[in-house]
Amino acid sequence: MFNKILVANRGEIALRVIRACRELGINSLAVYSEADEQSLHTHAANEAICIGPAPSDQSYLKRDRILSAAEIANVDAIHPGYGFLSENAEFAEQCETCGIKFIGPKANAIRLMGDKATARETVKKSKVPTVPGSDGPIENENEALNVAQKIGFPVIIKAVAGGGGKGMRVAHNAVAFAKEFTTARNEAEKAFGNGAVYIEKFIEEPRHIEVQIMADSYGNVVHLGERDCSVQRRHQKVIEEAPSPFATSSMRDAMGKAAVNAARAVKYENAGTVEFLVDKNGNFYFIEMNTRIQVEHPVTEEITGLDLVQLQILIASGEKLPFKQSDIKFSKHALECRICAEDPERNFMPSAGMVDFFHMPGGRGVRVDSHVYSGYRIPPNYDSMIGKLIVVADNREKAIAKMNRALGECEIRGIKSNVEFLRKITNDPYFQSGDVTTKFIEDFFERNKNRQLKE
Ligand code: ADP
């Protein structure tokens, strides 16, 4: 087992990993930017090293500085969390070269899944259903239009290097296509330094359902059930739950098997997520695989009773998966709300600054993963998520009631947050009925447009 792990991240996920290390009796080393000196992760770890100024490209993305910190502190492994360097194949490779275990898959698997067009082609060979679309990236506009016409409008143009819902444009007809194609390419170039795009059929009003997988280095792969992440704003998840209110047990089995096949196709190791879109008839299509731990992993933890981050560490240290597929049992219903420092009344504009007062709910079945405390100053440099509120109860109805109660107990002063917005969603009859597609928030605004969000 490892003696010391460097946590190459910040915020709630850094804290989550540090907590897992403590429980396993492993020392942790935090790295932090100048803006994060007062962040909880910096103080919770056994040791901490400053790796540079606030902007991520001068700190959390600086591979050489993180590796120097690792060498100075003599760590034997690095946990990358999510975002930042977590899906950077060169970084995973550099860790290996330095004799430091990267807690995640091998560089080759990251590379194959990191390019979304290649990922599609790779899993297709393993009989995983994919959304109808182009064979690989397309550069030429005329050729792209031909493909779009062949698969039929509407289509979605997506960045090969995409992530975080960026670089995606929908075209409803041939006239709009040229403009959207150019915009998508420009956006992708700007966001990812790679303008390559591919085309998929735009699935109307799908559900986003993803499957958690876990694989060891001996070829054992299991799935830990699905998460429904259909509640999204601008293609970014807002509320997640497990199990999906839409999935039947035969769907769960079929998606689970497809996810395991996708993982096997790239000799996957460690925790990963295979994402699918599901149409109203229950047909599911692979869209991408995230080769890291995800923000929403706690809902899976709550219905399986497993600690996914501890499992990541055990597997990386060379242990075998301690269970078989048939040992995994699902019980109860879990929901997660992403609490963000943003102003829903001003188009969700980020709201950084001093948090004068921060009180989070408690009680049975309530979990809060957050790095924020009263008197903490949220730096403007990073993601606006300031915590996750997770609840678990016997069934979905009770979980929603618990979430509603818990959101009502949140007190955040000094900055704006989306807590009231989240609470309104939990009060929405469509959400409560489980009739939720990726268009839910758009429809929710439409239904409530004459009402003050503040009410
Ligand atoms: P990212 O890597 O940026 O998160 P994804 O490929 O995971 O991008 O897609 C994010 C979201 O965008 C999906 O959950 C879904 O809401 C929407 N989306 C992506 N592809 C399609 C598609 N072919 N049809 C309809 N919606 C899509």
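Small disclaimer: the values here were computed from a predicted structure and weren't measured.

## Digging into the pairing of strand S13 (residues 284-290)
Consecutive side chains of a regular strand alternate in pointing toward one face of the sheet and then the other.
Argument step 1. The element S13 is extensively covered by neighbouring structure, given that seven of its seven residues are classed as buried.
Argument step 2. Bridge analysis of strand S12 (residues 270-278) against S13 gives six bridges, and the strand direction is antiparallel. Among the inter-strand pairings, Thr 273 is bridged to a residue of S13, identified as Asn 290.
Argument step 3. Counting the residues in the hairpin turn of S12 and S13 gives five residues, including Gly 282, whose phi is positive at 85 degrees.

## A few points about the sheet that holds strand S3 (residues 47-52)
Argument step 1. Strand order in the open sheet made by the five strands is S3-S2-S1-S4-S5, with parallel pairing throughout. The two strands at the open ends of the sheet, each matched to only one other strand, are S3 and strand S5 (101-102).
Argument step 2. Packed onto the sheet, helix H1 (residues 11-24) meets strand S1 (4-7), strand S2 (27-33) and strand S4 (77-79) and runs at close to 175 degrees relative to S1.
Argument step 3. Sheet contacts for helix H3 (residues 63-73): S1, S2, S3 and S4; angle to S3, the most-contacted strand, approximately 150 degrees.

## Some words on the site of the ligand
Argument step 1. What surrounds the ligand is a group of 22 residues, the closest being Gly 165, Ile 203, His 208, Gln 232 and Glu 288.
Argument step 2. A distance of 3.3 Å separates an oxygen atom of the ligand from a polar backbone atom of Gly 164.
Argument step 3. With respect to the ligand, the side chain of His 235 contributes an N or O atom lying 3.2 Å from an oxygen atom.
Argument step 4. For the ligand, whose unbound accessible area comes to 560 Å², protein coverage reaches 95%.
Argument step 5. Of all the secondary-structure elements, those providing two or more residues to the shell around the ligand are strand S6 (155-159), strand S8 (197-201), S12 and S13.
Argument step 6. The residues that make up the shell around the ligand include at least three from each of domain 2 (132-201) and domain 3 (207-454).

## Some words on helix H8 (residues 174-192)
Argument step 1. Between its terminal C-alpha atoms H8 stretches 26 Å, which fits the 27 Å expected from 19 residues at 1.5 Å a residue.
Argument step 2. Looking only at H8, the buried set comprises Phe 177, Glu 180, Phe 181, Ala 184 and Ala 188.
Argument step 3. Of the surrounding elements, those touching the buried residues of H8 are helix H7 (141-151), S6, strand S7 (168-171) and S8.
Argument step 4. For H8, the side-chain oxygen to backbone nitrogen distance between the N-cap and Val 175 is 3.2 Å, and the N-cap itself is Asn 173.
Argument step 5. After H8 finishes, the residue Gly 193 shows a positive phi value of roughly 65 degrees.

## Some points on the environment of Ala 92
Argument step 1. Mapped onto the elements, Ala 92 comes out in helix H4 (residues 89-97).
Argument step 2. Residue Ala 92 is classed as buried on the basis of its relative accessible area of 2%.
Argument step 3. When the C-alpha positions of Ala 92 and Asn 448 are compared, they lie 46 Å apart, and in sequence the two are 356 residues distant.
Argument step 4. Residues contacting Ala 92, with those up to four places away along its chain left out, are Phe 102, Ala 107 and Ile 110.

## Focus on the domain arrangement of the protein
Argument step 1. The domain boundaries assigned to the protein delineate domain 1 (4-103), domain 2 (132-201) and domain 3 (207-454).
Argument step 2. Here the C-alpha centroids of domain 2 and domain 3 sit 28 Å apart.
Argument step 3. Taken together, the two surfaces of domain 2 and domain 3 that pack against each other cover about 420 Å², and 54% of this comes from carbon and sulfur.
Argument step 4. Split by residue class, the side of domain 2 that touches domain 3 holds three nonpolar, two polar and two charged.

## Some points on the pattern of salt bridges
Argument step 1. Counted according to the given criterion, the structure contains 39 salt bridges.
Argument step 2. One salt bridge in this structure joins Arg 10 and Asp 36, with 2.6 Å as the shortest N-O distance. Of this pair, Arg 10 sits in the loop between S1 and H1 while Asp 36 sits in the loop between S2 and helix H2 (40-44), placing them 26 residues apart in sequence. Of the two residues examined, Arg 10 and Asp 36, each falls in the buried class.
Argument step 3. Residues Arg 111 and Glu 93 are paired through a salt bridge, measuring 3.2 Å at the closest nitrogen-oxygen approach. Of this pair, Arg 111 sits in helix H5 (residues 107-114) while Glu 93 sits in helix H4, and the two are 18 residues apart along the sequence.
Argument step 4. Given a relative accessible area of 36%, Glu 93 falls into the partly exposed group.
Argument step 5. Taken together, the salt bridges that share partners define one network made up of Glu 210, Arg 227, Lys 237, Glu 240, Glu 275, Glu 296 and Arg 338.

## Considerations on the nonpolar core
Argument step 1. One finds Val 231, Ile 339, Ile 386, Ile 412, Ile 425 and Phe 431 to be the most contacted residues of the largest nonpolar core, which totals 36 residues.
Argument step 2. Every element with two or more residues in this core is listed here: strand S11 (236-242), strand S14 (333-340), strand S21 (385-393), helix H12 (396-409), helix H13 (419-427) and helix H15 (440-448).
Argument step 3. Top element by residues in this core is H12. It accounts for five residues.
Argument step 4. Beyond its immediate stretch of four places on either side in the chain, Phe 431 contacts Val 231, Ile 239, Glu 241, Leu 335, Arg 396, Ile 400, Ile 425, Thr 426, Val 436 and Phe 440.

Scoring rules and cut-offs
- Residues numbered from 1 in each chain as written.
- Predicted model: local features only at pLDDT ≥ 70, side-chain atom pairs only at ≥ 80, totals over all residues.
- Heavy atoms only, no water.
- Buried < 20%, exposed > 50% of the residue type's maximum accessible area, 1.4 Å probe, protein only.
- Helix = DSSP H or I, 4+ residues; strand = E, 2+ residues; numbered from the N terminus.
- Pairing = 2+ DSSP bridges.
- Contact = heavy atoms within 4.5 Å.
- Axes fitted to C-alpha atoms, helices over the stretch in contact; angles between N-to-C directions.
- Near = heavy atom within 4 Å.
- Polar contact = N/O pair within 3.5 Å; in protein donor to acceptor, adjacent residues only side chain to side chain.
- Areas by Shrake-Rupley, 256 points an atom, 1.4 Å probe, with all protein chains shown as cover.
- Domains from an automatic or database assignment.
- Expected span 1.5 Å × (residues − 1).
- Buried area = accessible area lost by both parts, 1.4 Å probe.
- Nonpolar A, V, L, I, M, F, W, Y, C, P; charged D, E, K, R; others polar.
- Salt bridge = Lys/Arg side-chain N within 4 Å of Asp/Glu carboxyl O.
- Core = buried A, V, L, I, M, F, W, Y, C linked by side-chain atoms within 4.5 Å.

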